[in-house]
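These are the residues of each chain, in order.
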Amino acid sequence: MIVRRSSVELEKLRRSGLLVYQILQDLKAMVAEGVTTHDLEVAAERMIADAGASPAFKGYYSQAAGTKYPFALCTSVNEEVVHGMPSAKRKLKSGDIVSIDTGVLLEGYFGDSAVTVAIGEVNESVKRLLKVTEESLELAIDRTRAGNRLFDVCGTVEKYVTLNGFSIVREFVGHGIGTSLHEEPQVPNYVDRRGENPRLKPGMVLAIEPMVNAGKAETKVLSDKWTAVAKDGSYSAHFEHMVAVTDNGPWVLSRP
Ligand code: MF3
Ligand code: CO
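Two orientations exist for strands paired in a sheet by backbone hydrogen bonds: parallel and antiparallel. Reading across from one edge, E10-E9-E11-E16-E17 is the order of the five strands in this open sheet, with antiparallel pairing throughout. The open sheet is flanked by strand E10 (183-187) and strand E17 (249-252), the only strands paired with a single partner. Taken over all neighbouring pairs, the strand axes of this sheet differ in orientation by 25° on average, direction set aside. By the bridge criterion, four bridges tie strand E16 (residues 241-246) to E17 in an arrangement that is antiparallel.

Side chains that carry opposite charge are capable of pairing whenever their charged atoms lie near each other. Applying the stated rule across the entire model yields 12 salt bridges. Between Glu 9 and Arg 5 there is a salt bridge, with the nearest N and O atoms lying 3.0 Å from each other. Since its relative accessible area comes to 9%, Arg 5 is described here as buried. Through salt bridges that share partners, Arg 5, Glu 9 and Glu 183 make up one connected network.

Now for the coordination of the cobalt ion (ligand 2). Looking at the metal site, the cobalt ion (ligand 2) is ligated by Asp 112 (OD), His 175 (NE2), Glu 209 (OE) and Glu 240 (OE), spaced 2.1 to 2.3 Å from it. In this structure, the cobalt ion (ligand 2) is surrounded by six donor atoms whose angles at the metal cover 63 to 170°, and the resulting shape is irregular. Counting along the primary sequence, the residues that act as donors to the cobalt ion (ligand 2) give the motif D-x62-H-x33-E-x30-E. Of this pair, Asp 112 sits in strand E7 (residues 109-118) while Glu 240 is found in the loop between strand E15 (236-238) and E16, placing the two residues 128 residues apart along the sequence. In this structure Glu 240 comes out as buried when scored by relative accessible area, which is 0%.

Conventions we followed
- Residues numbered from 1 in each chain as written.
- Chains lettered and ligands numbered in written order.
- Predicted model: local features only at pLDDT ≥ 70, side-chain atom pairs only at ≥ 80, totals over all residues.
- Heavy atoms only, no water.
- Pairing = 2+ DSSP bridges.
- Helix = DSSP H or I, 4+ residues; strand = E, 2+ residues; numbered from the N terminus.
- Axes fitted to C-alpha atoms, helices over the stretch in contact; angles between N-to-C directions.
- Salt bridge = Lys/Arg side-chain N within 4 Å of Asp/Glu carboxyl O.
- Buried < 20%, exposed > 50% of the residue type's maximum accessible area, 1.4 Å probe, protein only.
- Donors = N, O, S within 2.8 Å, 3.2 Å for Na, K, Ca; no water.
- Tetrahedral: all angles 85-135°; square planar, octahedral: opposite > 155°, others 65-115°.

What follows is the structure in structure tokens.
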């Protein structure tokens, strides 16, 4: 069942969304050569606590991993697709890209958003990977309208990314979000004909999160049980927003 949120609930999700936005803005400003992904984690934990919220990812149990995720952030560098773990040993350097993904729980409602940023000088093809991935999210957001169907959103990402010569990661998907971090429906970045194709209705809230590889689509999970990487070692980008379906069109909760 896909929950439809009241306007009061949407305002709560809005506050959670704006908190993750602010955290990501501050972390983006910190990103530089020599900064470690642990530095980002420390800053994020402090910001979340200062806001009276709790980190949504920390302690999140994954069946696949068989463990609880230990951090507030996922920091996925270069060929890491998602769920990269912050580390004091991972110093960012020029030419790297890092996906910063964070979630919060504020007054019973979840926020979840991600951005990928470049450090120093990255080559043109890497710039294009980031641009295409972010644009695919924007196009999908614009399809998140009452009367459209889920596959309109999923198919928009798929089409744009593949037309631009990049690959859609299939093992990880977006999701509904509300009083749980992951709710129905699943939001793949491709049309999954085995899945349902519900009509979108006002009050539904989707976390849309394209994960795009510069090379082949295949991923594998490292021995830490969490870090997913592109099998061929190619760079991977990830952007995420929470989007509410409203009578007045898409409302991106995770940015002003
Ligand atoms: N944005 C990702 C998601 O929504 C991050 C989850 S990390 C986890 O699934 F630790 F919470 F699993
Ligand atoms: Co998410």
